[in-house]
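Examination of the molecular architecture
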Amino acid sequence: QVQLVESGGGLVQAGGSLRLSCAASGRFFSINAMGWYRQAPGKQRESVAVITSGGNTNYVDSVKGRFIITRDNAKNTVYLQMNSLKPEDTAVYYCNTNLRTGPLRGLEGYWGQGTQVTVSS
């Protein structure tokens, strides 16, 4: 019923930039928090950045000062601007959205399909 479609991944050189997008589609009532996670081979998935419905943001220490998370509520979309990319940023990036599918329903979590980000040294 709800799909999160990610785009913007790719291969870049160290020091370059990418902008990831994740758009929610389908039937839902409202969106609460949105965020980005990443998972590298052999590593646990980690939270990268989160933005609340009120616009408050949190970042993992390793990306502070380099990544910026924003959202466009009119487009039901969350973005991750990634600057000064490093090889250690290489991972599959997943967007996550907490939303309600109806006015009387509780929050549910949805995941995007993942998009590969590869940073060459």
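Everything below is about the structure printed above this text.
The notes below deal with the structure included here. (Residues numbered from 1 in each chain as written. Predicted model: local features only at pLDDT ≥ 70, side-chain atom pairs only at ≥ 80, totals over all residues. Heavy atoms only, no water.)

**Some words on the packing of aromatic side chains**
Tallied over the entire structure, the rule returns two aromatic pairs. Ring geometry for Y94 against W111: centres 6.5 Å apart, planes inclined by 85°, an arrangement best described as edge-to-face. Pair noted here: Y94 is in strand β9 (residues 91-100) and W111 is in strand β10 (residues 108-111), with a separation of 17 residues, a long-range link. Aromatic rings pair up to connect Y37, Y94 and W111 into one cluster. If you follow R45 out to its NZ or CZ, it ends over the ring of Y94, 3.9 Å from the centre. Across the ring face of W111, the terminal group of R45 is positioned such that the distance to the ring centre comes to 4.8 Å. (Phe/Tyr/Trp six-rings, centres within 6.5 Å; stacked < 30°, edge-to-face > 60°. Helix = DSSP H or I, 4+ residues; strand = E, 2+ residues; numbered from the N terminus. Lys NZ or Arg CZ within 6 Å of the ring centre and 35° of its normal.)

**Digging into the sheet that holds strand β1 (residues 2-7)**
Strand order in the open sheet made by the four strands is β1-β3-β8-β7, with antiparallel pairing throughout. At either end of the open sheet lies a strand with only one pairing partner, and these are β1 and β7 (67-72). Adjacent strand axes in the sheet meet at a mean angle of 15° when their direction is disregarded. Where strand β3 (residues 18-26) lies against strand β8 (residues 77-82), six bridges are found, and the strand directions are antiparallel. Bridge pairing links L18 to M82 in β8. (Pairing = 2+ DSSP bridges. Axes fitted to C-alpha atoms, helices over the stretch in contact; angles between N-to-C directions.)

**A word on the pairing of strand β4 (residues 30-39)**
Taken together, the eight bridges between β4 and β9 define a ladder with antiparallel strand orientation. Residue R38 lies in a different strand from β9, and its bridge partner there is Y93. Relative to strand β5 (residues 46-51), β4 runs antiparallel, the two being bridged by five bridges. Residue pairing in the sheet places R38 in a bridge with E46 of β5. Linking β4 back to β5 in an antiparallel pair, the connection comprises six residues, with G42 at a positive phi of about 75°.

**Thoughts on the state of the cysteines**
With the rule as written, the count across this model stands at one disulfide. Through a disulfide, C22 is tied to C95; the S-S separation comes to 1.9 Å. Judged by the torsion about the S-S bond (45°), the C22/C95 disulfide is right-handed. In this pair, C22 sits in strand β3 while C95 sits in strand β9, placing the two residues 73 residues apart along the sequence. (Disulfide = S-S within 2.5 Å.)

**Remarks on the side chain of T97**
Relative to the assigned elements, T97 resides in strand β9. Apart from the residues lying within four places of it in its own chain, the contact partners of T97 are L4, I31, A33, M34, E108, G109 and Y110. (Contact = heavy atoms within 4.5 Å.)

**A short note on the pattern of salt bridges**
Tallied over the full model, the rule gives five salt bridges. The salt bridge involving D89 is made with R38; its shortest N-O contact spans 3.0 Å. Note that D89 is positioned in the loop between β8 and β9 and R38 in strand β4, a separation of 51 residues in sequence. Note on R38: relative accessible area 7%, which makes it buried. The salt bridge partner of D61 is K64, with a shortest N-O separation of 3.0 Å. Connected through salt bridges with shared partners, the residues R38, K43, E46, R66 and D89 form a single ionic network. (Salt bridge = Lys/Arg side-chain N within 4 Å of Asp/Glu carboxyl O. Buried < 20%, exposed > 50% of the residue type's maximum accessible area, 1.4 Å probe, protein only.)

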